[in-house]
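# Tertiary structure, described
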Amino acid sequence: MLDLGEDDIIMVRKRRTELPSGGESSRPQQESSGGGSGGRGYQPRPSEGTAPPSQQHGGGQQGGRGRGPQGSRSVGHSGRGMTPQQQYGGPPEYQGHGRGGLPQQGGRGWFGSGGHGGMSGGLGVGPSASIPADPKLPELHQAIHVPYQPGVILPGGTSSEAIQPVPASSKSMRFPLRPGKGSTGTKCIVKANHFFAELPDKDLHHYDVTITPEVPSRAVNRAVIGQLVRLYRETHLGKRLPAYDGRKSLYTAGPLPFQSKAFRIALPDDDGSGGQRREREFKVAIKFVACADLHHLGLFLQGRQADAPQEALQILDIVLRELPTSRPSYCPVGRSFYSPDLGRRQSLGGGLESWRGFYQSIRPTQMGLSLNIDITSTAFFEPLPVIEFVMQLLNRNNTSKPLSDPDRVKIKKALRGVRVEVTHRGNMRRKYRISGLTSQATRELTFPIDERGTMKPVVEYFYESYGFVIQHPQWPCLQVGNEQRPNYLPMEVCKIVEGQRYSKKLNKGQIRNLLGVTCQRPQQTEYDIVKTVRHNAYHDDPYAKEFGIIISEQLATVEARTLPAPRLKYHDAGREKDCLPQVGQWNMTNKRMVNGGVVNNWICINFSRDVQDSVARSFCHDLAQMCCISGMAFNLEPVLPPVTGRPDQVDRVLKTRYHDAMTRLQPQRKGLDLAIFILPDENGSLYGDLKRICETDLGLVSQCCLTKLVFDVKRRKQSLANVALKINVKVGGRNTVLVDALSWRIPFVSDLPTIIFGADVTHPHPGEDSSPSIAAVVASQDWPEITKYAGLVCAQAHRVELIQDLFKTSQDPVRGTVSGGMIRELLISFRSATGQKPKRIIFYRDGVSEGQFYQVLLYELDAIRKACASLEPNYQPPVTFVVVQKRHHTRLFANNHHDHNTVDRSGNILPGTVVDSQICHPTEFDFYLCSHAGIKGTSRPAHYHVLWDENKFTADGLQSLTNNLCYTYARCTRSVSIVPPAYYAHLAAFRARFYMDPGSSESGSVREAGPRSSRGPGVNAAVRPLPALKENVKRVMFYC
């Protein structure tokens, strides 16, 4: 222990109320700096006893925080203290300022009694009331600040005059204009996968298309229009080459020689019979609708018109999609095209393979129109015999074993909707779509062969009709056709048709294999993109020529800046008291956590049969020691020795051990602080079961470690250090703080009490038609440090994107209308934690597509306004609403891949690279920020788009704040790719899915598949609420 002088131990004691939180990810932390897997943690519980005498300081004053006559706060001295290495001292000026530093201004206001307790409500959000102080809560020790200087005015000051009313509809709403371009940082040049597109000088005409009889297939519709163009282009169509969207719209560059006309088209019907092909006749009616105005698109690109003319952009997209769509080997998926011709296929396992493809989209930018091209890969069914596919799906080597009920369910889910062709009729390869699986084995199936109802066994029919002997009569048949008149096909006479995308959930092995295919260095990615553009040969595209679209073959060269990394503060007791990250990363060597947490009483249960008891004991001791070295007060000895349990008896083993430990601790009026679990590397639903039992049943926080971490001797030290970081923030400590935060130098944050929100909605994976979506909101709870975030989650209707529980009201027979909701609760908890009313709100919203910007902003900004107004009349702090996007296709590359001053070790652009010109929106406030260093593959910058800004951020202000926050992510010593509050919201939502579906895995949050609904309130009436967290668990940030 370091021997510190008395002057070094000036300490401020404060009671701390932790808040309900959302989720913790079980997936590997790709952005962590070591190989630690699945770090979990805990927060000291209210039931814990006092610390040993060596850790206590101070006397017997009444606990809690009082409020002086002028509204300033006095600090009590009850509860547990910390060891000297957990403090770092500061000047006496800080002692009177409370958590957040600024002297109190005014009284208790909208928080009733102004108490400092925890949040009300469970994992979901209930009505709020005034929150009492809890004298049993553990203390946290505050990092020192440079005294606040009232005479220093920082940018970002606001007043009530800045508040704007929420627009009633999207028609009256305008997103903020760009407040100029940023200038902070080192200027540089990067390349982007945007290709300049010259705006055509043509009159675009829109026609409505009606095809009778109506067919649901776009491919058939396209075939009909294709035949019409071949027959009548030179005559009735006036030599025009139209572009068709596959549904109801057809576009031409110039008018057709008619306003309305009907055609009859005969289309050969390929039924796969191999004989004389029948013809299907269609009636096609084409009717003029309107001229598409490219003039307004030009005005928009010049910044002289506010609204993007979406129809004109859509037409240009359709025109450029026409040629690849018409190629037989190309499979269109959304805005992407996949083909076996675009790169080698690679098996993903389980009967799937990866296909290479490209994404393309016309985008309005500051440099004019650009074509965004990216390389993509996705999963397709391998064109295998169905028997072979099923064998791979079930991971079997022989077909003699009968199928179990779970096997049948798995096969049915995988094959429903898949097209197959029969192989037992020579050249007659007729195609069918699978609708189900028979409940009986093939040998038991019969079907009527005449009107009298004479039944014939399927096995006998295939032998007599085709001479085909069924080899697997014990397996079920595929059911094709409709439910009323099903046809039975034995699996062994069917082969999967090539070119069918697999849109359901991939397993871990398939995800790993797909990532292996797509993961390539930036230089290779850039080469492949340019190669794709040249392969597409837009200069020879007849549709592009017809419409006068010219596409450059050169990557856009873009001006960028590299923002400086922020300096980070660590504990004064360490040899290094602060550090400046290098290329987006640093480590804990010679550093101690700025605020170390306390773990006194813990247990360990080993669920891995590969880990012996002695190894488990040694591992736990090493982990406890690392926590101490890092700056925590962590008891090296568990309450009970580690015990081994079977994964299939998790409920009994865990509860028995918990009660044994509590039996020992309760006479001393102590509680269990933490459970450490050692899990098999492949643990199925075990992880989810443990979290659900601990957090919703026992009221216990836990730390899970995989077996590979236990045996990873080579990287053991770094891995344990990462796990210690995660444990510390879960027990209420802080790993590091921005130096600028402690010295009141963060623009738009330090000058006024500021709360930063993060919000996200995760949706169930494809194939789950009824599972709810999970919404999560987190909010900062310390100001001005902005490092600790509390979170709330709720379940809402399937694939609904608008967050339903931001604000809500209910009727109480006694109190009348009671206000509640996640925003309201988090505002109250901010006041409880800091003693300050938030006077500025910054809201980072993750996961919103461009098409939903208006809907999400209108609904969620209104909820924020109502939540504030429900707390105090006329309480309307200014709001900045920023959407965070990661699922876009813009990539940034170094201008010179061989210049080591402009790339990191992975060959990617440097962390902190920001772009707010040329490829960004023509007029609105957006920017691309690559805040992280690459590890493998090509880095994807985050795209930030400001939808509402009453705080009047400058470009530098928001870009620097966002970049600096990315260095405060609690789970690793690296800057991360998206701003931490948005990252935390995703973790919170992910954790909550374990409570309703313990078997969820990291692909339980899937965004790319299936449409999202943005319906308004009331859609989640039938959604089953999530299980409630125990009171002591929901106070802690257990999702980290």
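Per an unreviewed UniProt entry, the protein chain goes by Argonaute 1 and derives from Carya illinoinensis. Per its UniProt entry, the protein chain bears the Sequence similarities (unreviewed entry) comment "Belongs to the argonaute family. Ago subfamily."

Our focus in this paragraph is the overall build of the protein chain. A tally of regular secondary structure across the protein chain gives 19 helices and 45 strands. Relative to its full complement of 1040 residues, the protein chain shows a buried share of 60%.

Right, let's get into the confidence of the model for the protein chain. Of the residues in the protein chain, 80% have a pLDDT of 70 or more, and the chain-wide mean is 82. Segment residues 999-1011 is flagged for pLDDT under 50; beyond a separation of four residues in sequence, or across chains, it makes 42 contacts in the model. Here residues 1015-1021 is a poorly scored stretch, pLDDT under 50, and it has 17 contacts once near neighbours within four places are set aside; other chains count.

Counted by the stated rule, this structure contains 30 aromatic pairs. With a centroid separation of 6.0 Å and an interplanar angle of 85 degrees, the aromatic rings of tyrosine 461 and tyrosine 466 are classed as edge-to-face. Residue tyrosine 461 is classed as partly exposed on the basis of its relative accessible area, which comes to 26%. In this structure an aromatic cluster arises from ring pairing among Tyr789, Tyr969, Tyr983, Tyr984 and Tyr1039.

Turning to the sheet that holds strand β32 (residues 674-679), a few remarks are in order. In space, the 4 strands of this open sheet follow the order β31-β29-β32-β33, with parallel pairing throughout. Two strands lie at the open edges of the sheet, namely β31 (643-644) and β33 (702-706), each paired on one side alone. For strand β29 (residues 602-606) and β31, the ladder comprises 2 bridges, and the chain directions are parallel. From the neighbouring strand, asparagine 606 faces β31, where its bridge partner is threonine 644.

We now examine helix α12 (residues 686-698). Of all 13 residues making up α12, 11 are buried, and the element is well covered by its neighbours. Taken together, the buried positions of α12 are occupied by Leu686, Tyr687, Gly688, Asp689, Leu690, Lys691, Ile693, Cys694, Glu695, Thr696 and Leu698. Just beyond α12, the residue with positive phi is glycine 699, at close to 70 degrees.

On to the pairing of β33. Burial analysis of β33 places 5 of its 5 residues in the buried class, the great majority of the element. Side chains of β33 alternate between two faces, with Ser702, Cys704 and Leu706 and Gln703 and Cys705 buried alike. Pairing geometry for β32 and β33, over 5 bridges, is parallel. Looking at β33, one finds that leucine 679 is bridged to leucine 706. This β-α-β element, β32 to α12 to β33, shows right-handed connectivity.

Tracing the backbone through its elements, the reader meets lysine 839 in the loop between α16 (822-834) and β40 (840-846). On a C-alpha basis, the gap between lysine 839 and proline 877 in space is 5.0 Å, while along the polypeptide they are 38 residues apart.

The antiparallel open sheet is built from 3 strands, whose spatial order is β27-β26-β34. The sheet is open, and its two borders are formed by β27 (578-579) and β34 (737-738), each paired with just one other strand. Here strand β26 (residues 568-569) pairs with β34 via 2 bridges, running antiparallel. Bridged to lysine 569 within β34 is valine 737.

Formed by 130 residues in total, the largest nonpolar core has its most connected members in Phe757, Tyr844 and Tyr944. Listed in part, the 58 residues of the second largest apolar core include Ala197, Ile315, Ile318 and Tyr543.

Moving on, we get to the packing of helix α10 (residues 613-630) against helix α14 (residues 716-730). Each pair of packed helices can be described by the angle between their axes along with the distance between the axes. Between α10 and α14, the shortest axis-to-axis distance is 9 Å and the interhelical angle comes to 65 degrees. Our classification of the angle between α10 and α14 gives roughly perpendicular. Both α10 and α14 take part in a crossing whose hand is right-handed. Only Arg716, Lys717, Leu720, Ala721, Val723, Ala724 and Ile727 of α14 make contact with α10, whose side of the interface consists of Phe619, Asp622, Leu623, Met626, Cys627 and Ser630. Per-class residue counts for the contact of α10 with α14 are 9 nonpolar, 1 polar and 3 charged.

What follows concerns the pattern of salt bridges. The final tally for this structure, using the stated rule, is 41 salt bridges. Between lysine 191 and glutamate 526 there is a salt bridge, with its nearest N and O atoms 2.9 Å apart. Residue lysine 191 is found in strand β5 (residues 186-192), and its partner glutamate 526 is found in helix α8 (residues 522-536); the two are separated by 335 residues along the sequence. Lysine 191 gets classed as buried once you look at its relative accessible area, which sits at 15%. Classification of glutamate 526 as buried rests on a relative accessible area of 11%.

To continue, consider unusual backbone geometry. Leaving glycine out, the prevailing phi sign among residues is negative, and the prevailing peptide bond configuration is trans. In this structure, proline 213 follows threonine 212 across a cis peptide bond, with omega equal to 0 degrees. Tryptophan 783 connects to proline 784 through a cis peptide bond whose omega is 10 degrees. Take proline 784: it is sitting in the loop between β36 (773-780) and β37 (789-796). In the Ramachandran plot, isoleucine 786 falls in the positive-phi region, its phi being about 45 degrees despite a non-glycine side chain. Within the element layout of this structure, isoleucine 786 appears in the loop between β36 and β37.

What follows concerns the side chain of histidine 888. One can find histidine 888 in the loop between β41 (879-885) and β42 (892-894). Take histidine 888: its relative accessible area is 11%, and that puts it in the buried class. Apart from the residues lying within four places of it in its own chain, the contact partners of histidine 888 are Tyr928, Arg940, Pro941, Ala942 and His943.

Between its first and last C-alpha, helix α1 (residues 218-232) extends 21 Å over 15 residues, near the 21 Å set by a 1.5 Å rise per residue. Buried within α1 are the following residues: Asn221, Val224, Ile225, Gln227, Leu228 and Val229. Buried positions along α1 lie against β7 (204-212), β8 (243-244), β9 (249-253), β10 (260-269) and β11 (278-292). The distance from a side-chain oxygen at the start of α1 to the backbone nitrogen of alanine 219 is 3.2 Å, and the residue carrying that oxygen is serine 217.

Inspection of every chain in the model, using the stated rule, returns 7 cavities of 30 Å³ or more. Put simply, the largest cavity is a space of about 150 Å³. If you trace the largest cavity, you find 19 residues lining it, with Val729, Asn735, Thr736, Thr968 and Ala970 closest to the centre.

So, about the state of the cysteines. Applying the stated rule across the entire model yields 0 disulfides. Take cysteine 494: it sits in no disulfide, and the sulfur closest to it among the cysteines is that of cysteine 477, at 8.5 Å.

For the pair α12 and helix α19 (residues 980-996), the least separation of the axes is 8 Å and the interaxial angle reads 90 degrees. Considered as vectors, α12 and α19 are oriented roughly perpendicular to each other. On α19, the residues that touch Tyr687, Gly688, Lys691, Arg692, Glu695 and Thr696 of α12 are Arg991, Phe994 and Tyr995. Considering only residue class, the contact of α12 with α19 consists of 3 nonpolar, 2 polar and 4 charged.

So, how was this worked out
Residues numbered from 1 in each chain as written. Predicted model: local features only at pLDDT ≥ 70, side-chain atom pairs only at ≥ 80, totals over all residues. Heavy atoms only, no water. UniProt positions renumbered as here; feature names shortened; annotations may be inferred. Helix = DSSP H or I, 4+ residues; strand = E, 2+ residues; numbered from the N terminus. Buried < 20%, exposed > 50% of the residue type's maximum accessible area, 1.4 Å probe, protein only. pLDDT = per-residue confidence, 0-100. Contact = heavy atoms within 4.5 Å. Phe/Tyr/Trp six-rings, centres within 6.5 Å; stacked < 30°, edge-to-face > 60°. Pairing = 2+ DSSP bridges. Right-handed = clockwise from strand over helix to strand, strands pointing away. Core = buried A, V, L, I, M, F, W, Y, C linked by side-chain atoms within 4.5 Å. Axes fitted to C-alpha atoms, helices over the stretch in contact; angles between N-to-C directions. Parallel < 35°, antiparallel > 145°, perpendicular 65-115°, else oblique. Left-handed = near helix turned anticlockwise from the far one by under 90°. Nonpolar A, V, L, I, M, F, W, Y, C, P; charged D, E, K, R; others polar. Salt bridge = Lys/Arg side-chain N within 4 Å of Asp/Glu carboxyl O. Expected span 1.5 Å × (residues − 1). Polar contact = N/O pair within 3.5 Å; in protein donor to acceptor, adjacent residues only side chain to side chain. 1 Å grid on protein atoms, 1.4 Å probe; cavity = no way out; pocket = protein on both sides within 12 Å on 5 of 7 lines; lining within 4 Å. Points joined across faces, edges and corners; volume = space filled by probe spheres on them. Disulfide = S-S within 2.5 Å.

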